[in-house]
Amino acid sequence: MSRKNILPNIAYDDQRRCYYVTMRLQPKGGGGPRRTARCYPTLELAIQALDRYNANCILAGSGGTETLTVGQWLTYWLEQVIAPSRTASTVHGYGVIVRNHLAPALGGIRLTELTAAQIQQYLNRKLAEGLCSNTVRKHHGVLHNALEHARRQELVVRNTADHAVLPTSTNPTHHYYDSETMSKLFALLAGTSLEPVVKLAGYLGLRRSEICGLKWSHVDRENRVITVAETRTAVNGRSVDKGTKNRSSVRRLGYQGLADLEELMERLWKQRLTEMARMGEGYSDQGFVICHSGGQPYQADYLSNRLQRVLKKTDLPYVTLHGLRHSFASIAHSRNVPLFGISKALGHSSTATTTKVYMHLFDDTHLSVVQEVGRAIGETK
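Before going into details, it helps to say that this report is about the structure given with it. Every chain is numbered independently, its residues counted from 1 as its sequence is written. Note on the predicted model: pLDDT of at least 70 is required for a residue's local features to be given, and 80 or more for side-chain atom pairs to be given and counted; whole-chain, interface and lining totals, by contrast, use all residues. Hydrogens are left out, water is left out, and the side-chain values use all remaining heavy atoms of the structure.

### Thoughts on unusual backbone geometry
Let me state the cut-off plainly: Helical segments are the DSSP runs of H or I of at least four residues, strand segments are the runs of E of at least two, and each set is numbered from the N terminus.
Even without glycine at this site, Arg17 takes up a positive phi of about 55°. Inspection of the secondary structure assignment puts Arg17 in the loop between β2 (10–13) and β3 (18–25). One non-glycine residue, Arg224, lies in positive phi territory at about 60°. If you trace the backbone, Arg224 turns up in the loop between β5 (219–220) and β6 (225–228).

### Focus on the sheet that holds β6
Filter applied, for reference: Pairing between strands is defined by DSSP: at least two bridges between the two strands are required.
A sheet is described by the order of its strands in space; here three strands give the open sequence β5-β6-β9, paired in antiparallel fashion. The open sheet terminates on both sides in strands that have one partner only, identified here as β5 and β9 (251–254). Across four bridges, β6 lies against β9 in antiparallel orientation. Opposite Val225, over in β9, you have Gly254 as the bridge partner.

### Description of the environment of Arg158
To keep it simple, the criterion reads: Any pair of residues with heavy atoms lying within 4.5 Å of one another is described as a contacting pair. For the purposes of these results, a polar contact is taken to be a pair of N or O atoms within 3.5 Å, where, inside protein, one atom must be able to donate a hydrogen and its partner to accept one; residues adjacent in sequence count only when each atom of the pair is a side-chain atom.
Counting through the fold element by element, Arg158 comes out in the loop between α5 (133–152) and α6 (179–188). Separated by 10 residues in the primary sequence, Arg158 and Glu148 place their C-alpha atoms 8.0 Å from one another. Leaving out residues up to four positions away in the same chain, Arg158 has contacts with Arg151 and His163. Within the structure, Arg158 has its side chain in polar contact with the side chain of His163 (distance 3.2 Å).

### Notes on a nonpolar patch on the surface
Worth spelling out the cut-off: The patch calculation keeps residues exceeding 30% relative accessible area without a salt bridge and links them within 9 Å when they carry like charges or within 5 Å when they are nonpolar (Val, Leu, Ile, Met, Phe, Trp, Tyr). Accessible areas in this description were obtained via Shrake-Rupley with a 1.4 Å probe; residue shielding takes into account the shown protein chains only. A side-chain nitrogen of Lys or Arg and a carboxyl oxygen of Asp or Glu constitute a salt bridge if their distance falls within 4 Å. Burial classes: relative accessible area under 20% of the type maximum marks a residue as buried, over 50% as exposed, and values in between as partly exposed (1.4 Å probe, protein chains only).
Together, Ile6, Leu7 and Ile47 give the surface a local cluster of nonpolar side chains, amounting to about 210 Å² of exposed area. Locating Ile47 in the fold gives a position in helix α1 (residues 43–60). According to the relative accessible area criterion, Ile47 is partly exposed, its value standing at 33%.

### Comments concerning the nonpolar core
How we decide: Nonpolar cores are built from buried Ala, Val, Leu, Ile, Met, Phe, Trp, Tyr and Cys residues. Side-chain atoms within 4.5 Å join them into one set.
Leu185, Leu200, Ile226, Met265 and Leu324 are the most contacted members of the largest nonpolar core, which has 43 residues in total. Residues in contact with Ile226, not counting those within four places in the same chain, are Leu200, Leu204, Leu214, His218, Val219, Arg251, Arg252, Leu253, Tyr255 and Met265. Membership of the second largest hydrophobic core comes to 29 residues, among which are Ile97, Leu106, Ile119 and Ala150.

### Digging into the pattern of salt bridges
Following the criterion strictly, the structure yields 13 salt bridges and no others. Taken together, the salt bridges that share partners define one network made up of Glu195, Lys199, Asp260, Glu263 and Arg267.

### Description of the packing of helix α7 (residues 195–204) against helix α9 (residues 259–279)
For any two helices packed against each other, one specifies the crossing angle of their axes together with the interaxial distance. Applied cut-off: Throughout, an axis means a line fitted to C-alpha atoms (over the contacting stretch in the case of helices), and angles, computed between N-to-C directions, take values from 0 to 180 degrees. Take the far helix as your reference; a near helix turned counterclockwise from it by less than a right angle gives a left-handed crossing, and one turned clockwise gives a right-handed crossing. Ten residues, namely Ala, Val, Leu, Ile, Met, Phe, Trp, Tyr, Cys and Pro, are considered nonpolar, four, namely Asp, Glu, Lys and Arg, are considered charged, and the remaining ones, Gly among them, are considered polar.
Packing of α7 against α9 leaves a shortest axis separation of 11 Å and a crossing angle of 145°. The handedness of the crossing between α7 and α9 comes out as left-handed. Only Asp260, Leu261, Leu264, Arg267 and Leu268 of α9 make contact with α7, whose side of the interface consists of Glu195, Pro196, Lys199, Leu200, Tyr203 and Leu204. Residue composition of the contact of α7 with α9, grouped by class: seven nonpolar, no polar and four charged.

### Things to note about the environment of Leu253
Relative to the elements of secondary structure, Leu253 occurs in strand β9. With a relative accessible area of 11%, Leu253 lands in the buried category. On a C-alpha basis, the gap between Leu253 and Leu206 in space is 10.0 Å, while along the polypeptide they are 47 residues apart. With sequence-adjacent residues up to four places away left out, Leu253 is seen in contact with Leu204, Leu206, Arg224, Val225, Ile226, Val228 and Ala345.

### A look at the pairing of β2
Two elements, strand β1 (residues 3–7) and β2, share four bridges in a ladder whose sense is antiparallel. Residue pairing in the sheet places Arg3 in a bridge with Asp13 of β2. Hairpin remark: β1 followed by β2, antiparallel, with two residues in the connecting loop; positive phi at Asn9, about 70°.

Here's what the structure looks like:
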């Protein structure tokens, strides 16, 4: 016999090289539950399916929730609470943390028996494994969110994640250009397919997902206004078109009077019309501003990698596409643009977010303020 039990209700078929999960499911046509076996390509997916099934059975019953495990609850929480209400990229990110980290380490513990000490040991272990403190804090955030929902459902008395001591968050290192270096980059990429990419990031401070998701339907060519309303990102290798990061990220950015960007946008529009006429039905018109010659949109990672390959052949300092967004904020700040204006242009939800992300810029402002006060006092002596 090729099928061998390796875990309760999970068997491995060494001929077909797949895992079978045994469940009692309700037939769609009615009648009582029937014993059913379903096939999964990996043990991870098999365990996830069994956890989902067990959690649904336990939560659908009138009692017995004391047998619910952390792994079963996390699987249920991901699919029934998070998936219907969050974006695909958020669900994917949460899922990676749950499947690759939380479930293997804590999944076998009963939900009602999970202690703060076990959570603390988990966080400490992840730090020891080499994960950075910000990533470990994300793990805690996912677990805390799941346990808080369990507390509201009265499955647990308290959220034990409240009592864990988190590692200190670290500020990421930002690489950005000044106006002179930005001008050199624009000149270097003039006439290439990367030119519009870096100029939209540098002139307007767009995120790379916003650049990839920009469509002509959101470009008012007559009034020279771009509306940032959609993004394009990758989730588990698949491209996903979605709304912006938050409500504040939807914004209108005028480029009238900026001759370089005006000329670029008109050139891209004429290039699109020329290619549509030349390729006919072979042109895949999906309405994207930044796209391949046949109309197909770019992947954000592809553009990022191309920029790095170009920079390695030059003497320009290292910067990422997102670093050009930081450059936009830095140059605006150097020209004494008010913080509120920078925040609105970047699409941040509040000036507090801008201050947190660009603290390195505003530290320089504090220094200049102190120097000005010192000079003023010195002049009165």
